[in-house]
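Coordinates in review
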Amino acid sequence: MELSGAEIITRCLQEEKIKFVFGYPGGAVLDIYDAIFKQDYFKHILVRHEQAAVHAADAYSRSTGLVGVALVTSGPGATNAITGIATAYMDSIPMVVISGQVSTPGIGMDAFQEVDMVGITRPCVKHNFLVKDVNELASTIKKAFYIAASGRPGPVVIDIPKDITQFKAKFSYPKTVAMRSYNPVLKGHSGQIKKAIKLLLEAKRPMIYTGGGVVLGDASALLVKLVKKLGYPVTNTLMGLGGYPATDEQFLGMLGMHGTLEANMAMQQSDVILAVGARFDDRVVGNPAHFLNQPRTIIHIDVDPSSISKRVKVDVPIVGDVKNVLTDMLALLDESDKTPSESALKAWWQLINGWRKEKCLEFDRSSDIIKPQDVIEKLWQVTKGEAFVTSDVGQHQMWAAQYYKFDKPRRWINSGGLGTMGVGLPYAMGVQLAHPEAQVACITGEGSIQMNIQELSTCNQFHLPIKVILLNNRYLGMVRQWQQFFYENRYSESYMDSLPDFVKLAESYGHVGMKIENPADIEGALKEAFALKDRFVFMNFITDQKENVFPMVPNGKGLSELILAERITVEDL
Amino acid sequence: MKHLISLLMENEAGALSRVAGLFSARGYNIESLTVAPTEDPTLSRMTIVTSGSEEVIEQIIKQLNKLVDVVKVLDLNDGRFIERELMLVKVKATGVFRDEMQRMCEIFRGRIIDVADNSYIIELTGSGSKLDAFLDAIDKTAILETVRTGASGIGRGERILKL
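Residues numbered from 1 in each chain as written. Chains lettered and ligands numbered in written order. Predicted model: local features only at pLDDT ≥ 70, side-chain atom pairs only at ≥ 80, totals over all residues. Heavy atoms only, no water.

Notes on the interface of chain B and chain A
Selection criterion: For this analysis, residues touch if any pair of their heavy atoms sits within 4.5 Å. Accessible area that two parts lose when put together, with a 1.4 Å probe and added across both, is what the buried area reports. The working definition used for a salt bridge is a side-chain nitrogen of Lys or Arg within 4 Å of a carboxyl oxygen of Asp or Glu.
Across the contact, 18 residues belong to chain B and 17 residues belong to chain A. For the chain B and chain A pair, buried surface summed over both sides reaches about 1,500 Å², with 46% attributable to carbon and sulfur atoms. Seen at the junction of chain B and chain A, the total is 3 salt bridges. Among the ionic pairs, B:Lys66 bridges to A:Asp304, the shortest N-O distance being 2.9 Å.

Pasting the structure below:
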């Protein structure tokens, strides 16, 4: 039997076992929406802006490891999706975005709601397709899912003209994909792995530094085994949090621009670094020249060869899937009769514990204004460290990363690479749909939340019991912090005036609103909110306007040149 | 240092723009780029002339390999190779130039492929530097128009870029 292109699309999604499609209808995708109406395999989540559809699909993927799917119409629907696609691309999130396109005869004619989607998304997708023949629709969708999820994952766009969704073709979904031009290397080179083990066992000041690749590659359990076996210190990047349990004693906290003193100093002073699924980016190593001042050996495991030796020259590159490589490493360690030098390791831990004693994340607990750190710490306690936490971008994001101790992977959902304000609420939607019974908190600021505030409506429609934790300091906090430090207190356009009454706003969308102004009320309010298991609660915490994020490695500085608290540098200690 | 990079890619719409876009997005130099289908019409072969430090060239090769449509990439400078470029030059052929241009053409082993009352068209093949040398050698005022194809490259002997 022949099916229309639109029916082929829904059947393909069924074959891929897709449970949710996040989208927004429009002219070019009317046939697809008609086919969706006639099926009951997957649920369509109607957002209020296409950007949110893509973010929600992205977070669905981040929290489950499955491929997220978004569906948008041509023209403005497609361009609204771009920020979401670029966000997923920067963090290597597997996603398939289907965009409608004007009918094939109209392409290039400046037709109504026409935009060159393949051209416009080219720099921010892993790959993209324009389908020009309905007979190639199913095989293209199969390829898109395969490319999105394999190797270094990423978003793939399929642009489908309206007439293609109307034409008919025989449907058969390919079982497998073979592409001569695309064969990611998954198995690490055994010689390189041997070399790496030898170097690791001979290290005097070793450091294990892991990123989003461990989370995306589902390699946390293997990482824990390796770290425990070696007894070495470990740090996570912002994207890697949860990849190693944060409450474990060998964990030094996050590293980088707002990383802990112990993680940054240990990274800088190490003699051997094992980097796993991380990419030495500018927020992690600061000034690369300063980082390389210290002679050391770097071992780097990554599935993407182009991530290796990009910013920092690496001595032992290992291209492969982190799961495979860590498995091979553990097997070699088991066979090896060598063990790390106990005396060297003891001295190294002594040094690290010295940095730890500085308690770089301590804050003023006697303040009568709410400290944002206090809110996050209590959130961690009230949720017993079990919540899925999404965040937006800015100071609140850094505090969330520093003070919520993630013990499991895929619990910390944020825009690390692109730094997209406005992701928090749609991220929470995607996570809550994937995990209906879980506690989902969206940590946000009054700037970020207003970038996708319209999604309060979607949350009402689909009864999503998300808890929004708004750290409201009436400033674009991170901008204000940089203006205070580097622009002589000239707070150019960083004050947020004319804010809505968030409690009333939440209530007008059918949600529960709370305003919390007293530090003594934080814990009680959080408990009250999370006790409302089936309600969306918007918590407006009025926080200290002057609070800054510390430690901080100023832009262009080295990891050991970090500022600990107001104007105190490491040299002053 | 100048590098010639050869690559085979799927002969599909938009494939060229992926390569060109990569170079502009990442700020890599691109001196010339030539592309045409191979004897297998599903494949295109491209020669890119670029320059940069060894680290930059290494990144360029990795980034090209990462493009989903790219099948194979070869840095010709890793071994011995032949580089050829075609240039057509329209030169003045009046007065003293009429004999002079013929002589220079012979020296550089070019061919005159069009003769008009006041001009010749000279066809010249060789490495980019040979073509540059020809343009340097003749009188600048005699040059009316030039067009160059950009370099094509191929490895010598056993070095074969094929599927």
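After presenting the structure, the write-up continues.
Considering the packing of aromatic side chains
Residues and elements named next belong to chain A. What counts here: Two rings belonging to Phe, Tyr or Trp (six-membered ring only in the last case) form a pair when the distance between their centres is within 6.5 Å. Interplanar angles under 30 degrees mark stacking, angles over 60 mark edge-to-face geometry, and anything in between is tilted. Throughout, exposure labels follow a simple rule: accessible area from a 1.4 Å probe, protein chains only, divided by the maximum for the residue type, with under 20% read as buried, over 50% as exposed, and the rest as partly exposed.
Scanning the entire structure with this criterion turns up 20 aromatic pairs over all chains. Between Phe 406 and Trp 412, the aromatic rings sit 5.3 Å apart at their centres with planes inclined by 40°, giving tilted as the arrangement. Of the two residues examined, Phe 406 and Trp 412, each falls in the buried class. Taken together, the ring pairs connect Trp 482, Phe 485, Phe 486 and Phe 550 into an aromatic cluster.

Quick look at the sheet that holds strand S20 (residues 537-542) of chain A
Residues and elements named next belong to chain A. Note the cut-off: Criterion used throughout: strands pair if DSSP finds at least two bridges between them. A run of DSSP states H or I qualifies as a helix once it reaches four residues; a run of E qualifies as a strand once it reaches two. Both are numbered from the N-terminal end. With axes taken as lines fitted to C-alpha atoms, and helix axes fitted only over the stretch in contact, angles between N-to-C directions fall between 0 and 180 degrees.
An order of S16-S15-S17-S18-S20-S19 is seen for the 6 strands of this open sheet, with the pairing classed as parallel. The open sheet terminates on both sides in strands that have one partner only, identified here as strand S16 (412-413) and strand S19 (512-516). Sheet topology note: the strand S15 (residues 388-391)/strand S17 (residues 440-445) ladder contains 4 bridges and is parallel. The partner of Ser 391 across the bridge, within S17, is Ile 443. Contacts from helix H17 (residues 395-403) reach S15, S16, S17 and strand S18 (467-472) within the one sheet, and its direction differs from that of S17 by about 140°. In this fold helix H23 (residues 522-531) packs onto S17, S18, S19 and S20, with an angle of close to 170° to the strand it touches most, S20.

Considering the domain arrangement of chain A
Residues and elements named next belong to chain A. Rules: Domain delimitation in this document rests on an assignment produced automatically or drawn from a domain database.
When the domains of chain A are assigned, the result is domain 1 (2-170), domain 2 (190-357) and domain 3 (372-542). Relative placement of domain 1 and domain 3: their C-alpha centres are 29 Å apart. The interface of domain 1 with domain 3 comprises 26 residues on the first partner and 27 residues on the second. Both faces considered, domain 1 and domain 3 share a buried interface measuring about 2,000 Å² in area, 64% of it formed by carbon and sulfur atoms.

Some words on the domain arrangement of chain B
Residues and elements named next belong to chain B. Quick note on the threshold: Polar contact is defined as a pair of N or O atoms within 3.5 Å, subject to the rule that within protein one atom must be able to donate a hydrogen and the other to accept it, and that residues adjacent in sequence are counted only when both atoms are side-chain atoms.
Assigned domains of chain B: these are domain 1 (2-78) and domain 2 (82-152). Each of domain 1 and domain 2 was reduced to a C-alpha centroid, and the two centroids are 29 Å apart. At the junction of the two partners, domain 1 supplies 6 residues and domain 2 supplies 5 residues. Summed over both partners, the interface of domain 1 with domain 2 buries about 420 Å², with 55% contributed by carbon and sulfur atoms. Across the domain 1-domain 2 interface, the total number found is 1 salt bridge. A salt bridge links Glu 83 to Lys 2; the nearest nitrogen and oxygen atoms lie 3.5 Å apart. Taken together, the connections running from domain 1 to domain 2 amount to 1 residue pair in polar contact (both at pLDDT 80 or more).

Observations concerning the sheet that holds strand S4 (residues 70-75) of chain B
Residue and element names in this part refer to chain B. If you walk across this open sheet you meet the 4 strands as S2-S3-S1-S4, and the pairing is antiparallel. Unpaired on one side and paired on the other, strand S2 (32-37) and S4 mark the two borders of the sheet. In this sheet, adjacent strand axes meet at a mean angle of 15° when their direction is disregarded. As defined by bridge partners, S2 adjoins strand S3 (residues 43-51) across 6 bridges and the pair is classed as antiparallel. Bridge pairing in S3 places Leu 33 opposite Ile 48. Across the face of the sheet, helix H1 (residues 15-25) comes into contact with strand S1 (2-10), S2 and S3 while running at roughly 15° to S3.

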